[in-house]
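# Topology and contacts: notes
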Amino acid sequence: MIQGTKKRFVHLICVIALIFTGCQKNQGLVEISGQLSPSEGFTLKLSEMDPREMIPVDSVSLNSEGTFQFEFPVAEPGFYILEAANGKIVVLIIHPGDKIVVSGNAENFPDDIQIKGSQEAIELHKFFTETRLLEKSIDSLEQVLMSQQDDDNYFEVTSQADTLLRKIWEEQRAREISFIEKNAAKLSSLVVINYAFSVTPTLGMEDDFHYYLLLDSTLSAVFPENKHVQFHKQRMVNFIPPQP
């Protein structure tokens, strides 16, 4: 009787151990799936944005129904890139265990793309969608300047364009500051503060060091071992403020 009870107890322990081990193995598994149309010939490449390099993860060709799926393990939160064959990208923030769903029009990738998943992933996608609209406004202004460079009123046109460009720049700056202040404890703020709007980051370390310091202090408390947070901290250590 005692021996039978002991066997059942050992069996129960083994079952619990197997369940726990299985949960641990699946805990960091990430799934990115979705449906894009039209899908003929459309491919997607997935890469991880390491602080120092892009690391290829996988690539897929959409099937006839436009569906696709990536499944891969993630050890810590980080940034990933979905890239179409034409080089256009969607930036994703991914945490271990996340499930991200991507849908929309493949021909207008990434402007007509919707993201479902974590709130942080949705907010970051919204930031980049709105940012691209402003970048298109800059492109349109540059085309106008190019087309009128031989006109007699070119100086007046450039003056008006400069005023509009300044407004666009200030709007983007305000958007980035708002995002960082609302999400200082979220990893996605790192990609926002370092985003090169047009040519250079809107928030530079020289003029906006307090925002970099804010992210360093908050993110170091939440993600002390994360490689992106550590890289950010090292950049601050290496930064030499300009002499007055």
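Residues numbered from 1 in each chain as written. Predicted model: local features only at pLDDT ≥ 70, side-chain atom pairs only at ≥ 80, totals over all residues. Heavy atoms only, no water.

## Details of the side chain of glutamine 172
- With respect to the element layout, glutamine 172 can be found in helix α3 (residues 154-182).
- Take glutamine 172: its relative accessible area is 0%, and that puts it in the buried class. (Helix = DSSP H or I, 4+ residues; strand = E, 2+ residues; numbered from the N terminus. Buried < 20%, exposed > 50% of the residue type's maximum accessible area, 1.4 Å probe, protein only.)

## A short note on unusual backbone geometry
- Note the cis peptide between serine 37 and proline 38, where omega equals -10°.
- Looking at the element boundaries, proline 38 is found in the loop between β1 (29-37) and β2 (43-49).
- Going from phenylalanine 109 to proline 110, the amide bond is cis rather than trans, its omega being 5°.
- Turning to its location among the elements, proline 110 is positioned in the loop between β7 (99-105) and β8 (113-116).

## A closer look at the confidence of the model for the chain
- Across the chain, the average pLDDT comes to 86, with 88% of residues at 70 or higher.
- Predicted confidence is poor over residues 5-25, with pLDDT under 50, and the contacts of this stretch with residues over four places away or in other chains come to zero contacts. (pLDDT = per-residue confidence, 0-100. Contact = heavy atoms within 4.5 Å.)

## Observations regarding helix α6 (residues 227-238)
- Spanning 12 residues, α6 covers 16 Å between terminal C-alpha atoms, matching the ideal 16 Å at 1.5 Å per step.
- Among the residues of α6, those classed as buried are His228, Val229, His232 and Met236. Relative to the axis of α6, the buried residues are bounded by an arc of 100° and lie together on one face. Facing away from the buried side of α6, by more than 90 degrees, are the exposed residues Val237 and Asn238.
- In the core, the buried residues of α6 are packed alongside β2, β5 (78-84), α4 (188-193) and α5 (209-222). (Expected span 1.5 Å × (residues − 1). Arc of directions from axis to C-beta.)

## Re the packing of α5 against α6
- Between α5 and α6, whose axes approach to 10 Å, the crossing angle comes to 140°. Between α5 and α6, the angle is such that the two are oblique. Here α5 and α6 pass one another in a crossing that is left-handed. Residues Phe209, Tyr212, Leu213, Leu215, Asp216, Leu219 and Ser220 of α5 touch α6, and the partners they reach there are Val229, His232, Lys233, Arg235 and Met236. (Axes fitted to C-alpha atoms, helices over the stretch in contact; angles between N-to-C directions. Parallel < 35°, antiparallel > 145°, perpendicular 65-115°, else oblique. Left-handed = near helix turned anticlockwise from the far one by under 90°.)

## A look at the sheet that holds β1
- Taken in spatial order, the four strands make up an open sheet running β4-β1-β7-β8, and their pairing is mixed. In this open sheet, the two edge strands, each paired with only one partner strand, are β4 (67-73) and β8. If you compare each strand with its neighbour and ignore which way they point, the axes differ by 15° on average.
- In this structure, β1 lies alongside β4, joined through seven bridges in antiparallel fashion. Across the sheet, the residue bridging to serine 33 is glutamine 69, located in β4.
- Where helix α2 (residues 119-147) meets the sheet, it contacts β7 and β8, and its direction lies at approximately 160° from that of β8. (Pairing = 2+ DSSP bridges.)

## Re the pattern of salt bridges
- Applying the stated criterion across every chain yields a total of 11 salt bridges.
- Residue lysine 227 pairs with glutamate 48 through a salt bridge whose shortest N-O separation is 2.7 Å. Here lysine 227 is found in helix α6, whereas its partner glutamate 48 is found in strand β2, with 179 residues between them in sequence.
- Residue arginine 173 is joined to aspartate 208 by a salt bridge in which the shortest nitrogen-to-oxygen separation is 2.7 Å. One end of the pair, arginine 173, is in helix α3; the other, aspartate 208, is in the loop between β10 (200-201) and α5, and 35 residues separate them in sequence. (Salt bridge = Lys/Arg side-chain N within 4 Å of Asp/Glu carboxyl O.)

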